[in-house]
Amino acid sequence: MKKRTFRAFLCIAIVLITVNSIFFALDGYGASEEIDSKFGESPEIDGVIDLLSGEWNKATKTEILLEDLPIKCWVMQNDNNLYISVQLELESGYHNFTEFVGLIISNNTSENKEDFIDAKIIQFSNISGDQFNYFDYHINNSVFSIDTENNGEGAAKIEGLTSNYEFSIPIKNDTNNNEDVALAFGESYAFNITYGETPSYPNGIKKSAIVLINLESLPSSALPLSGVFLNVLCIVIFSVIVILYGFYIYKIFKLKERIQKLKR
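Since the model is a prediction, treat every value here as computed from it, not as a measurement.

1. Regarding the overall build of the chain
- Assigned secondary structure in the chain consists of two helices and 13 strands.
- Counting all 264 residues of the chain, 38% fall into the buried class.
- For the chain, the share of sequence-separated contacts (at least 6 apart) that also reach a separation of at least 24 residues comes to 60%.

What follows is the structure in structure tokens.
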């Protein structure tokens, strides 16, 4: 009797674990990689990674799996923008005419589905002719709506079996704009890198992976005005104190001379 009870309990446990695993595989999120962005010079957003100019040399380069699709990812920033380049090569060698790569951005480090509210997508309209479009969407309840104003830019190009996608996304965007994630220096954000073949979002997404991107803090190349004012004020006060102290010493010497004359 005890053996039957134990077997029944074991079967139920296995079924529950299997169901939960399937559920989390379908609806769960998990960052596959954490990337530290580095400061560098602005690359040309043209879909070409120019090795001769070294435009992406200062970027953090990472290899990521979009499920079973390996991609190469470059991440870099400057005082104004975050730059992300995605390079992929399909095993079949066949690229769909309407292939796309998208960056779906979370409001913070959260990997919950409802927190991914912004999408930047580079969509080929004719991959053989290098014809593409850059789209900026905001997301609400999995519904992609085109933004009233495009923020950022993107370009793509296919070279042989390899396709390159380059994105430029503003940092410190208008915080009053509810259509975009306002990226800020020194903060971290979850990015869902997606790949698909048909211009339908999110239904056209075939493969994806979430990465956590840490933006570097803005270097303090110059003091703020308040700091400059305080420095100048300190210099002025110190100078006045030195002058008064010098005048006080001078008066003491003059007083000593008078005393010596009176003694004579």
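2. Let's talk about the pattern of salt bridges
- Taken as a whole and assessed by the stated rule, the structure comprises six salt bridges.
- A salt bridge links Lys157 to Asp130; the nearest nitrogen and oxygen atoms lie 2.9 Å apart. Taken as a pair, Lys157 in strand S10 (residues 153-159) and Asp130 in the loop between strand S7 (116-126) and strand S8 (131-140) lie far apart in primary sequence, 27 residues in all.
- A salt bridge links Glu197 to Lys206; the shortest N-O distance between them is 3.6 Å.
- A relative accessible area of 46% places Lys206 in the partly exposed class.
- The network of salt bridges with common partners includes Asp118, Lys120, Asp136 and Asp180.

3. Overview of a negative patch on the surface
- Residues Glu33, Glu34, Asp36 and Glu216 make up a contiguous surface patch of negative charge.
- Its location among the elements puts Glu33 in strand S1 (residues 31-36).

4. Overview of the environment of Ser145
- For Ser145, the position within the fold is in strand S9 (residues 143-146).
- In this structure the C-alpha to C-alpha distance between Ser145 and Glu179, which are 34 residues apart in sequence, comes to 9.2 Å.
- Not counting the four nearest positions on each side in its chain, Ser145 is found in contact with Asp136, Tyr137 and His138.

5. Considerations on the nonpolar core
- Core analysis: the largest hydrophobic core is formed by 37 residues, its most contacted members being Ile84, Tyr165, Leu183, Phe191 and Ile193.
- Formed by twelve residues, the second largest nonpolar core is a distinct cluster that contains Phe100, Ile104, Phe116 and Ala190.

6. Focus: the environment of Ser239
- Note on placement: Ser239 falls in helix H2 (residues 225-263).
- A relative accessible area of 32% means that Ser239 is categorised as partly exposed.
- At 2.8 Å, the side chain of Ser239 forms a polar contact with the backbone oxygen of Ile235.

7. Points about the confidence of the model for the chain
- Within the chain, residue pLDDT values average 83, and 75% of them lie at 70 or more.
- This stretch, residues 1-6, has a pLDDT under 50; its non-local contacts, to residues over four places away or in other chains, come to zero contacts.
- Scored below 50 in pLDDT, residues 8-29 shows seven contacts in the model against residues more than four places distant or in partner chains.

8. Thoughts on the pairing of S8
- Note: S7 against S8, eight bridges, orientation antiparallel. For Lys120, the partnering residue across the bridge sits in S8 and is Asp136.
- Taken together, S7 and the strand that follows it, S8, pair antiparallel across an intervening segment of four residues, in which Asp130 is found at a positive phi of about 55 degrees.
- Inspection of the sheet shows S8 paired to S9 by four bridges, in the antiparallel sense. Each bridged residue has a counterpart across the sheet, and for Ile139 the counterpart in S9 is Phe144.
- Here S8 hands over to S9 after two residues, with Asn141 in that stretch at a positive phi of 55 degrees.

Definitions and limits used
Residues numbered from 1 in each chain as written. Predicted model: local features only at pLDDT ≥ 70, side-chain atom pairs only at ≥ 80, totals over all residues. Heavy atoms only, no water. Helix = DSSP H or I, 4+ residues; strand = E, 2+ residues; numbered from the N terminus. Buried < 20%, exposed > 50% of the residue type's maximum accessible area, 1.4 Å probe, protein only. Contact = heavy atoms within 4.5 Å. Salt bridge = Lys/Arg side-chain N within 4 Å of Asp/Glu carboxyl O. Patch = residues over 30% accessible without salt bridge, like charges linked within 9 Å, V, L, I, M, F, W, Y side chains within 5 Å. Areas by Shrake-Rupley, 256 points an atom, 1.4 Å probe, with all protein chains shown as cover. Lys, Arg positive; Asp, Glu negative; His and termini not counted. Charge placed at Lys NZ, Arg CZ, Asp CG, Glu CD. Core = buried A, V, L, I, M, F, W, Y, C linked by side-chain atoms within 4.5 Å. Polar contact = N/O pair within 3.5 Å; in protein donor to acceptor, adjacent residues only side chain to side chain. pLDDT = per-residue confidence, 0-100. Pairing = 2+ DSSP bridges.

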